[in-house]
Amino acid sequence: MASNTLLSRKEYSIDELKKFLKEEKGLSPSVHRVNILKFLLENRIHPTAEEIYSHLKQTIPVLSLTTVYNTLKLFVKHNIVVPLTLEEEVVRYDINTEPHSHFKCLKCGKIYDIMSDNLNLPEIKEIEGHSVDFYQFYFYGICKECRKE
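Residues numbered from 1 in each chain as written. Predicted model: local features only at pLDDT ≥ 70, side-chain atom pairs only at ≥ 80, totals over all residues. Heavy atoms only, no water.

**Considerations on the overall build of the chain**
Thought 1: Helix and strand counts for the chain come out as six helices and seven strands.
Thought 2: The secondary structure elements of the chain, listed N-terminal to C-terminal, are α-α-α-α-α-β-β-β-β-β-β-β-α.
Thought 3: Taken along its principal axes, the extent of the C-alpha atoms in the chain is 45 × 40 × 30 Å.
Thought 4: Expressed as a percentage of its 149 residues, the buried residues of the chain come to 36%.
Thought 5: Partitioning the contacts of the chain with sequence separation of at least 6, the portion at a separation of at least 24 is 50%.
Thought 6: If you sum the accessible surface of the chain, you get close to 9,400 Å²; carbon and sulfur atoms cover 50% of it.
Thought 7: The chain carries 20 positive and 21 negative side-chain charges, and their two centres are separated by 5 Å. (Helix = DSSP H or I, 4+ residues; strand = E, 2+ residues; numbered from the N terminus. Buried < 20%, exposed > 50% of the residue type's maximum accessible area, 1.4 Å probe, protein only. Contact = heavy atoms within 4.5 Å. Areas by Shrake-Rupley, 256 points an atom, 1.4 Å probe, with all protein chains shown as cover. Lys, Arg positive; Asp, Glu negative; His and termini not counted. Charge placed at Lys NZ, Arg CZ, Asp CG, Glu CD.)

Here you go:
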């Protein structure tokens, strides 16, 4: 996401999200797009399209799962979200597009962002002549909360 100021907060106004979509990303700020963006920013849980749909259909009854998928596809194209494939046949979406890793707990299933400097994640723009848009590293194990049990 181009605007790190959005990522650093927990609450967002509809007007500032409309402005972000329109002015920073050149997208029409439809009700569906704004609400999906708001959900992703306020719920950093790496949700699936189905989870987003399930949550938002309560407040937007006319929302369809197809609209959620199409919006997420558009958000990926405009570098607003990054798709994650930590599980076979399940795509999750991360609003944080900065280079970082993910850890999935094999006990509780929770997914954590790993922002550790110890990993020395370089900013790779090109590799062997290929242009790199994004890359992902996944770690799997037992999270610190489950280890306490």
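**Description of the side chain of N96**
Thought 1: In this fold, N96 is placed in the loop between strand 2 (90–94) and strand 3 (101–105).
Thought 2: Here E98 takes part through its backbone nitrogen, which lies 3.0 Å from a polar atom of the side chain of N96.
Thought 3: Non-local contacts of N96, meaning those with residues more than four positions away in its chain, are made with L7, V82, D113 and M115. (Polar contact = N/O pair within 3.5 Å; in protein donor to acceptor, adjacent residues only side chain to side chain.)

**A look at the nonpolar core**
Thought 1: By size, the foremost hydrophobic cluster in this structure holds 26 residues, and its most contacted members are L37, L40, F75 and I80.
Thought 2: Among the secondary structure elements, those contributing two or more residues to this core are helix 1 (4–7), helix 2 (14–24), helix 3 (31–42), helix 4 (49–56) and helix 5 (65–77).
Thought 3: Top element by residues in this core is helix 3. It accounts for six residues. (Core = buried A, V, L, I, M, F, W, Y, C linked by side-chain atoms within 4.5 Å.)

**Brief notes about the packing of helix 4 against helix 5**
Thought 1: Two elements in contact, helix 4 and helix 5, have axes whose closest approach is 9 Å; the angle formed by their N-to-C orientations is 125°. In this view, helix 4 runs oblique relative to helix 5, as classed from their interaxial angle. In this structure, the crossing between helix 4 and helix 5 has a hand that is right-handed. Mapping the contact onto sequence places A49, E50, I52 and Y53 in helix 4 and L65, V68, Y69 and L72 in helix 5.
Thought 2: Per-class residue counts for the contact of helix 4 with helix 5 are seven nonpolar, no polar and one charged. (Axes fitted to C-alpha atoms, helices over the stretch in contact; angles between N-to-C directions. Parallel < 35°, antiparallel > 145°, perpendicular 65-115°, else oblique. Left-handed = near helix turned anticlockwise from the far one by under 90°. Nonpolar A, V, L, I, M, F, W, Y, C, P; charged D, E, K, R; others polar.)

**Brief notes about the pattern of salt bridges**
Thought 1: Going through the model one piece at a time under the given rule, you end up with six salt bridges.
Thought 2: Taking the shortest distance from any N to any O, the salt bridge between E145 and K148 comes out at 3.5 Å. A residue pair is termed a helical-turn pair when its members lie 3 or 4 positions apart in one helix, as E145 and K148 do in helix 6 (residues 144–148) at three residues.
Thought 3: On the accessibility criterion, K148 (63% relative accessible area) is exposed.
Thought 4: One network of salt bridges, with partners in common, ties together E51, E87, R92 and K104. (Salt bridge = Lys/Arg side-chain N within 4 Å of Asp/Glu carboxyl O.)

**Remarks on the side chain of R92**
Thought 1: Its place among the elements puts R92 in strand 2.
Thought 2: Accessibility expressed as a relative area gives 12% for R92, which makes it buried.
Thought 3: Non-local contacts of R92, meaning those with residues more than four positions away in its chain, are made with I45, H46, P47, T48, E51, V82, P83, L84, E87 and I111.

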